[in-house]
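For reference, the chains in residue letters:
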Amino acid sequence: MFKLIYKLHHSTWVQIIFFLGIFTFLFFFFGFGHILFKGPFGVHFMRQTDSLSFASNYFNNGFHFFKPQLYTLSNFDGRAACEFPITYYLTALLYTVFGKQFFVQRFVHLIISYIGVFYIFKLSYKTTNDFIYATLISLMVLTSAVFNYYSFNYLPDAPALGFAFIGWFFIFKSLDADSGKHLIPGYIFFTLSSLIKVTYLINPLSVIGLAIISKVFYRKNPLLKNGNKTIVYGFVMILAVLAWNIFMLYYNKVNQSNSFNTKPIPIWIMHKESIARVWEHFTHYWYSSYFFKSVFHLFYISVLFLVIFYKKLGNKLIILLSLLLFGNLSFYILFFAQFKDHDYYFLTFFPFIILVIIFSVKTLKNITGNHTIHLVAKLLFIIIVALGINHARKKSHERIITNIVDNKFRLGLLIHEKKYDIESLNIESDAKFIVAPENCPNGALMYLDKRGWPIRDLNQVNDETIRDYIAIGADYLLIANKEEFELFQNNYSELIFKKNGLYIYKLSPIHDN
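First, a word on what this report is: a plain description of the structure on this page. If you're wondering where the values come from, they're calculated on a predicted model, not measured in any experiment. (Residues numbered from 1 in each chain as written. Predicted model: local features only at pLDDT ≥ 70, side-chain atom pairs only at ≥ 80, totals over all residues. Heavy atoms only, no water.)

**Examining the overall build of the chain**
Now for step 1: If you tally the helices and strands in the chain, you get 22 helices and five strands.
Now for step 2: Along the first, second and third principal axes, the C-alpha set of the chain runs to 90 × 50 × 45 Å.
Now for step 3: Out of the 513 residues in the chain, the part that is buried amounts to 55%.
Now for step 4: Of the contacts made within the chain by residues no fewer than 6 positions apart, 73% connect residues no fewer than 24 positions apart.
Now for step 5: Counting every atom, the chain has about 24200 Å² of accessible surface; 62% of that belongs to carbon and sulfur. (Helix = DSSP H or I, 4+ residues; strand = E, 2+ residues; numbered from the N terminus. Buried < 20%, exposed > 50% of the residue type's maximum accessible area, 1.4 Å probe, protein only. Contact = heavy atoms within 4.5 Å. Areas by Shrake-Rupley, 256 points an atom, 1.4 Å probe, with all protein chains shown as cover.)

**Observations regarding the pattern of salt bridges**
Now for step 1: If you walk through the whole model with that rule in mind, you get 13 salt bridges.
Now for step 2: Salt-bridge contacts for Lys378 lead to Asp130; the nearest nitrogen and oxygen are separated by 2.8 Å. You can see Lys378 sitting in helix α18 (residues 371-400) and its partner Asp130 sitting in the loop between α5 (102-128) and α6 (131-140), a full 248 residues away along the chain. In terms of burial, Lys378 and Asp130 fall into one category: buried.
Now for step 3: The structure contains a network of salt bridges with shared partners spanning Arg47, Glu83, Asp157 and Lys197. (Salt bridge = Lys/Arg side-chain N within 4 Å of Asp/Glu carboxyl O.)

**Quick look at a nonpolar patch on the surface**
Now for step 1: Taken together, Ile265, Trp268, Ile269, Ile333 and Leu334 make up a surface patch of nonpolar side chains, about 480 Å² in accessible area.
Now for step 2: Locating Ile265 in the fold gives a position in the loop between α11 (227-254) and α12 (272-285).
Now for step 3: Take Ile265: its relative accessible area is 32%, and that puts it in the partly exposed class. (Patch = residues over 30% accessible without salt bridge, like charges linked within 9 Å, V, L, I, M, F, W, Y side chains within 5 Å.)

**Notes on the packing of aromatic side chains**
Now for step 1: Inspection of every chain in the model, using the stated rule, returns 82 aromatic pairs.
Now for step 2: Ring plane angle 55 degrees and centroid distance 5.7 Å describe the contact between Phe19 and Phe23, whose orientation is recorded as tilted. Taken as a pair, Phe19 and Phe23 lie in helix α2 (residues 12-29) at a separation of four residues, close to a single helical turn. Phe23 shares its class with Phe19; the two are buried.
Now for step 3: Of note, Lys378 hangs over the ring of Tyr133, and the distance from its end group to the ring centre comes to 5.1 Å. (Phe/Tyr/Trp six-rings, centres within 6.5 Å; stacked < 30°, edge-to-face > 60°. Lys NZ or Arg CZ within 6 Å of the ring centre and 35° of its normal.)

**Describing unusual backbone geometry**
Now for step 1: A cis amide bond links Ala436 to the next residue, Pro437, at an omega of -10 degrees.
Now for step 2: Structurally, the position occupied by Pro437 is in the loop between β1 (432-436) and α21 (443-448).
Now for step 3: One non-glycine residue with positive phi stands out, namely Asp77, at about 55 degrees.
Now for step 4: Within the fold, Asp77 resides in the loop between α3 (45-61) and α4 (86-98).
Now for step 5: Note on Asp77: relative accessible area 28%, which makes it partly exposed.
Now for step 6: One non-glycine residue, Asn426, lies in positive phi territory at about 55 degrees.
Now for step 7: Relative to the assigned elements, Asn426 resides in the loop between α20 (419-423) and β1.

**A short note on the sheet that holds strand β4 (residues 493-499)**
Two strands in a sheet stick together by hydrogen bonds in their backbones, pointing the same way (parallel) or opposite ways (antiparallel).
Now for step 1: The mixed open sheet is built from five strands, whose spatial order is β2-β1-β3-β5-β4. Two strands in the sheet have a free side with no partner beyond their single neighbour: β2 (451-454) and β4. Neighbour-to-neighbour, the strand axes of the sheet open up by a mean angle of 20 degrees, direction not taken into account.
Now for step 2: Pairing between β4 and strand β5 (residues 502-507): six bridges, direction antiparallel. Considered in β5, the bridge of Lys499 is made with Leu502. (Pairing = 2+ DSSP bridges. Axes fitted to C-alpha atoms, helices over the stretch in contact; angles between N-to-C directions.)

**Here we look at the environment of Phe118**
Now for step 1: Tracing the sequence through the fold places Phe118 in helix α5.
Now for step 2: On the basis of relative accessibility, which here comes to 10%, the residue Phe118 falls in the buried class.
Now for step 3: Expressed as a C-alpha distance, the spacing of Phe118 and Val43, which sit 75 residues apart in the sequence, is 27 Å.
Now for step 4: Once you skip the residues sitting within four places of it in the chain, Phe118 turns out to touch Gln15, Ile16, Phe19 and Phe23.

As structure tokens, this is what we get:
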């Protein structure tokens, strides 16, 4: 019986089925079923619409991978670039099968994220050789409300983390191997992760740093058997990431795009008051969403445990974890200001946190094989994971079920409510819209599935403004207002839609006498 259970634990298919069951249960437990067919809403609505805009414009405009575009024409021809658009392009391809449905990109990101969690299980199992420890460590990722929210979302941060998790599994398989075959998939997934979010470059740089230190300081007894390949493959990967970022900056410059902030805001250029506000958000407002608090406590204990028993780790792991810690601290300092409003920035720290917990468990197993000690440890892990996942559920419900829509971004949702009425107008697919009042560059335009220009305030919609936009190609004006909006020059506008405070005007070319 025990031999059968042992064999089942080692069966990849059994592991996959086991985790598919867990993921399916948690999908509904976290309330994801409520937003299965729902578009962007809630925290970082604006950034969600940006991501969907990339996918939609690939689908609408010909699948030109190196010509990413948004709905807003504030940039030249809507062209803008940020993260490597692999998930957006994949979403656009899937649109050809499923149609342009909101759930497609959500599932693309969820699948990548959950595969990453599964590979954390595989890494934990490989390291600890204990199915229960490995399962519980991997499930700790899901005690994070931040991870859960963005895993079934439109932002690319969770899938970037998923790729990083997969990369770490293959990298650790390569560290002690005579062959370098696992380095290639490891670096491929690290490359995808770093291309999507350049901050995840911390992970491969730590591995490359370890290989360089081994080469320089451990010549007689190298820490790595494939040190040369680790360095060479790593630099090829860095060149790929560097090439994309150079292209991105060039592409944005020539297309006059300022849609995305691609610069760090380090702590040393900030005022004390600003630093205090960011720290308050980091340690209080977002803290319980980053992880269940007891996971943080476990992490702190794990760090202390590894410091005390550092000799059990060995030089290779000490150096690797130290480099990873240095990279994480550098990222935190360089991008400190962004932590105030961007909860998903914390996802970058996940690999270090999870690796520390994995190797603290391995160290505990190396120190003692006492069944009572491990039984108690596993019971504590079970309690932390169970309470943590329930805590994450409550936090998730706050975001996805009880979330209140920000009035600043209501125009897009109003358009979505009248989608079928607007579609019945049979407006040309290449028509360009002016939308007002709209604070979101791509929100209302995304729901219209039309390119154009957002105007923040109705007071800015005047005769001169309308004339200027008509001159550069505007075909329609959509206004949200409680009272009927009258244009100054009726000879170039025709009201074609009026319903529940939404007004659409067809604009005609203006011929000055």
